[in-house]
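Per-entry structural report
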Amino acid sequence: MTAFTADDHRFMAQSLRLAERGAWTTRPNPMVGCVLVADGEVVGEGFHVQKGGPHAEVVALQAAGDRARGATAYVTLEPCAHTGSTGPCADALIEAGVARVVAAMRDPFPQVDGAGFDRLRAAGVVVESGLMEAQARALNRGFLSRVERGRPWLRVKLACSLDGRTAMANGDSKWISGEASRADVMRWRARAGALLTGSGTVLADDPHLTVRLAGDAPFAVPLRVVLDPGLATISRGNVRDGAAPTLYVHAHDTKVPQGFDAPRMAAPRGSDGQLDLRVVLDALGAGGINDIQVEAGATLSGAFLRAGLVDELLLYIAPLLLGERGRPLFDGLGVDTMAQRLHLETIDTRRVGDDTRLLLRPKPTA
Ligand SMILES: NC(=O)c1ccc[n+]([C@@H]2O[C@H](COP(=O)([O-])OP(=O)(O)OC[C@H]3O[C@@H](n4cnc5c(N)ncnc54)[C@H](OP(=O)(O)O)[C@@H]3O)[C@@H](O)[C@H]2O)c1
C-alpha cells in the first residue's frame, strides 16, 4: 500500500477540481484532470473538455513545456494507452520525461484497464494508483456505470409538495417547485447524457426537456428520450422542436403511424406488459449514455424504482400542501407492510430558494 503525502493529496484534490470543470461537456468521455508538479510547484495543469479534444495530460504537458521533465503528474484517471480521437497519453508523459505518475484510479475502459500503467512502468516511470479513489469514482459515476455495469447511472428528479404530491389529479403540476429549484434542475440536466420522460408527462405537460441556463456556459446537448409504448404522444410537439435530438421508445408490437419519421427504438415488453426498462437502459448505455435524468410522473418513476433501476433520487420539496387527491411520488411500489418498506440513504440536503432539495440513494436490501 502506497503512503501518500499531504502534498500528494493536495495536488490530487486540485486535479479532481479541474476534472469537474468538464462535467457538462466531456460525455461520453470521462472527466479527467491533470496537475504536473516539479519541486513542489505546479508547472502545468489541464482537464479534458470534450470528446475529440486533447486529454487532460496533453493540456498540462503543453502548459509545462520543458518543466515537465522529472515532474510528478497527478491524474484523476489512468492515462490512456490507446489511440482514440487523440494519441496515447501514457506515451506523451513518457516522451515529456515525467518521472512519477500518481493516479486516483485505474480506468476500467477495456482499451485501457491497466495498459496505461504497464506502459508507463515499462518506460521506467514510477506509477502509484488509488489516491482519493472514492472521490474520483464519485466524479465519474455515470461513465463507470456504463463501462462496468453496461447501463447508465439513473437519477429520478421529482418536485413534490410537503405532503408528497407531484401533480393534481387533473394532471396540473405547474409549478410545484420554485424558480430557484427550476434553475437548479437545469444544472443537473446539463450533467446528463439523456433526459427521459413518459407518455403521461408528454400528454399532460408537453415539456421541452432542454437545458436552459442563465449564463453562456457550454454544455453537450442531452438526448431527449420519450418512453411511449403506443406512440400516443406524437401530436405533442415540444420534444420535437429541433432544440435537441429526441428518441421515441415504443413497444415492439406497436404499429408505427405512416409518415412518423422521428428517431425511434422498439423495445420488448416485460412480464407486466410494460416496456422492459432494463432493456431500454442497456440500449441507451450501448449508445454511449453515461447518465440519465428521469423527469416523469408517478407511473414511470415508480416503475423504475420497482425494477431496482434507480441509482439516485433528486427531490425538491416545496412548502405547499396539495391535499389527498394529488398524485403521489411513486405509483405501484407494492409496499403494504412496514416489513416491505424501502430504505433510502440521504446523501445531501440543502435549501434551494424556499424549497428543500434532497439527494437520496436506495439502500441495498440485505
Ligand atoms: N412533480 C414532478 O416533478 C413531475 C415531473 C413529471 C411529471 N409530473 C406530472 O406527472 C403527471 C404524469 O404522470 P404519469 O404517471 O401519468 O405519467 P408518466 O409517469 O410520465 O408516464 C407514464 C407512462 O409511461 C409509459 N411507460 C413506458 N414504459 C413504462 C413502464 N415500464 N412502466 C410504466 N409505464 C411505462 C406508459 O405509457 P402508456 O400508458 O402510453 O403505455 C405510462 O402510462 C403529469 O400530471 C405531470 O405534470 C410531475
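What comes next is a walk through the structure. (Residues numbered from 1 in each chain as written. Predicted model: local features only at pLDDT ≥ 70, side-chain atom pairs only at ≥ 80, totals over all residues. Heavy atoms only, no water.)

Focus: the site of the ligand
Among the 26 residues in the neighbourhood of the ligand, the closest are listed as Gly171, Ser173, Ser199, Thr201 and Thr299. The side chain of Ser199 places a nitrogen or oxygen atom 2.7 Å from an oxygen atom of the ligand. Counting residues per element, the ones that place at least two in the shell around the ligand are β6 (153–161), α8 (199–205) and α10 (298–306). At 5 residues, α8 tops the list of elements feeding residues into the shell around the ligand. Counted by class, the shell around the ligand contains 12 nonpolar, 10 polar and 4 charged residues. (Near = heavy atom within 4 Å. Polar contact = N/O pair within 3.5 Å; in protein donor to acceptor, adjacent residues only side chain to side chain. Helix = DSSP H or I, 4+ residues; strand = E, 2+ residues; numbered from the N terminus. Nonpolar A, V, L, I, M, F, W, Y, C, P; charged D, E, K, R; others polar.)

Description of the side chain of His48
One can find His48 in the loop between β2 (41–47) and α2 (56–64). A polar atom in the side chain of His48 sits 3.0 Å from the side chain of Asn29. Those residues in contact with His48 that sit more than four places away from it in its chain are Gly22, Thr26, Asn29, Pro30, Val32, Gly53, Pro54, His55 and Ala56. (Contact = heavy atoms within 4.5 Å.)

Quick notes on helix α1 (residues 6–20)
Between its first and last C-alpha, α1 extends 21 Å over 15 residues, near the 21 Å set by a 1.5 Å rise per residue. Buried within α1 we find Asp8, Phe11, Met12, Ala13, Gln14, Ser15, Leu16, Leu18 and Ala19. Summarising the contacts, the buried residues of α1 are in contact with β1 (33–38), β2, β3 (72–75), β4 (100–103) and α5 (133–139). (Expected span 1.5 Å × (residues − 1). Buried < 20%, exposed > 50% of the residue type's maximum accessible area, 1.4 Å probe, protein only.)

A word on the sheet that holds strand β7 (residues 194–198)
Ordered in space as β10-β9-β8-β7-β11-β6-β12-β14-β13, the 9 strands form an open sheet in which the pairing is mixed. At either end of the open sheet lies a strand with only one pairing partner, and these are β10 (264–267) and β13 (344–352). Averaged over neighbouring strand pairs, the angle between their axes works out to 20 degrees when direction is ignored. As paired elements, strand β12 (residues 312–318) and strand β14 (residues 355–362) share 5 bridges and run antiparallel to each other. Of the residues in β14, the one forming a bridge with Leu314 is Leu359. Across the sheet, helix α7 (residues 179–190) touches β6, β7, β11 (291–294), β12, β13 and β14, and the angle it forms with β12 is around 165 degrees. Across the sheet, α10 lies against β6, β7, β8 (223–227) and β11, angled at about 115 degrees from β7, the strand it touches most. (Pairing = 2+ DSSP bridges. Axes fitted to C-alpha atoms, helices over the stretch in contact; angles between N-to-C directions.)

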